[in-house]
Structure formats: structure tokens, C-alpha cells
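So the chains spell out like this:
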Amino acid sequence: MGLDRIQLSGKEILDKDFKTGIRGYNQDEVDQFLDVIIQDYEAFHQEIERLKQENAKLKKQGDVPKQRVRSSEAAPAPTRQTGQVNYDVLQRLSNLEKAVFGKKYADS
């Protein structure tokens, strides 16, 4: 939904006068309802502005990780320690499978 599709402002809603008929709507009730609409309308407008600012901020932050990735390309290759950690994790997983499913499952 683009902001260009919004047809009314809070002031236009506030200034709107309705014609009254013999059995028309209760004017106080209509005014109260329009007051609620105006409050919601202004809250939506404020939220849209806040989200625009947050979006712009996040777009600026989106450039930062790209720079970090480039600088990490010069980092040394993973050492043997990483392989050892992976082995330890696999060993623990194997032990857990044996404990949960029994020795038959682990041997098959």
C-alpha cells in the first residue's frame, strides 16, 4: 500500500460536516466515532514514519556485514582444532543414540 493512495488527512476527517436529515444520525455519536478514527489515523501515520526511519537505519546497517565478510576472507583457514570439536560432537551424538535406542541401533 503506497502512501499516495491515502485520501484523507486527520484534519480533513476532523473538519468533515455531514448533512442532517429528519431522522439523521446522532451528531455526538458520529463526532465521537470520528475522533477515534482521527486518533487511529494519526497513530498509523506515526508508526509509518517510525518504520521508515527504522528501515533506513537497517539499510545502512546492511552494508556493514558485507565489509566484515570481506575482512574475514583474509582470516586463516580452520585449524585442526575445529576438526577435533566436530569429532567430539559426533562422539557425543553416538553415545546419546546408544543410550536412547540401545546398543542394537548403534551397531546396525
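Rules of the game
Numbering of residues starts from 1 in each chain and follows the order in which that chain's sequence is written. Side-chain atom pairs in this predicted model are given and counted only at pLDDT of 80 or more, local residue features only at pLDDT of at least 70, and totals for whole chains, interfaces and linings cover all residues. Side-chain calculation: all heavy atoms of the structure are included, whereas hydrogens and water are not. When a carboxyl oxygen of Asp or Glu lies within 4 Å of a side-chain nitrogen of Lys or Arg, that pair is called a salt bridge. The helix count covers DSSP runs of H or I at least four residues long, the strand count covers runs of E at least two residues long, and both are numbered beginning at the N terminus. Categorising residues by exposure relies on relative accessible area from a 1.4 Å probe, with only protein chains included: less than 20% of the type maximum marks a residue as buried, more than 50% marks it as exposed, and the intermediate range marks it as partly exposed. Should any heavy atoms of two residues lie within 4.5 Å, those residues are considered in contact. Patch membership needs two things, relative accessible area over 30% and no salt bridge, and members are linked within 9 Å if like-charged or within 5 Å if nonpolar (Val, Leu, Ile, Met, Phe, Trp, Tyr). To measure how exposed things are, a 1.4 Å probe is used in the Shrake-Rupley method; for residues, cover is taken only from the protein chains shown. Charged residues are defined narrowly, with Lys and Arg counted positive, Asp and Glu counted negative, and His plus the chain ends left uncounted. To locate a charge, the coordinates of NZ of Lys, CZ of Arg, CG of Asp or CD of Glu are taken. Along the chain, pLDDT gives the predictor's confidence residue by residue, from 0 to 100.

Attention now moves to the pattern of salt bridges. Considering all chains together, one arrives at four salt bridges under this definition. Among the ionic pairs, R50 bridges to E47, the shortest N-O distance being 2.7 Å. Placement of both R50 and E47 in helix 2 (residues 27–72) is noted, with a separation of three residues, approximately one turn of the helix. On the basis of relative accessible area, E47 is assigned to the partly exposed category, the value being 34%. Linking E49 and K52 is a salt bridge whose minimum nitrogen-to-oxygen distance equals 3.7 Å. In this pair, E49 and K52 both sit in helix 2, three residues apart, roughly one turn of the helix. Take E49: its relative accessible area is 32%, and that puts it in the partly exposed class. Looking at K52, the relative accessible area reads 42%, which means it is partly exposed.

All right, on to the environment of I38 then. Along the chain, I38 turns up in helix 2. By relative accessible area, which is 14% here, I38 ends up buried. Put simply, I38 and K11 are 27 residues apart on the chain and 8.1 Å apart in space, counted from C-alpha to C-alpha. In this view, I38 contacts G10, I13 and L14; residues no more than four positions away in its chain are not counted.

On the surface, D17, D28, D31 and D35 cluster together into a patch of negative charge. Residue placement: D35 occurs in helix 2.

A word on the confidence of the model for the protein. Of all residues in the protein, 70% have pLDDT values of 70 or greater, and the mean over the chain is 74. The secondary-structure element of the protein with the lowest mean pLDDT is helix 4 (residues 103–107), recorded at 58, while helix 2 shows the highest, at 81.

Here the focus is a nonpolar patch on the surface. A contiguous nonpolar surface patch, about 520 Å² in accessible area, is contributed by L90, L93, L96, V100 and F101. By secondary structure assignment, the location of L96 is in helix 3 (residues 80–101).

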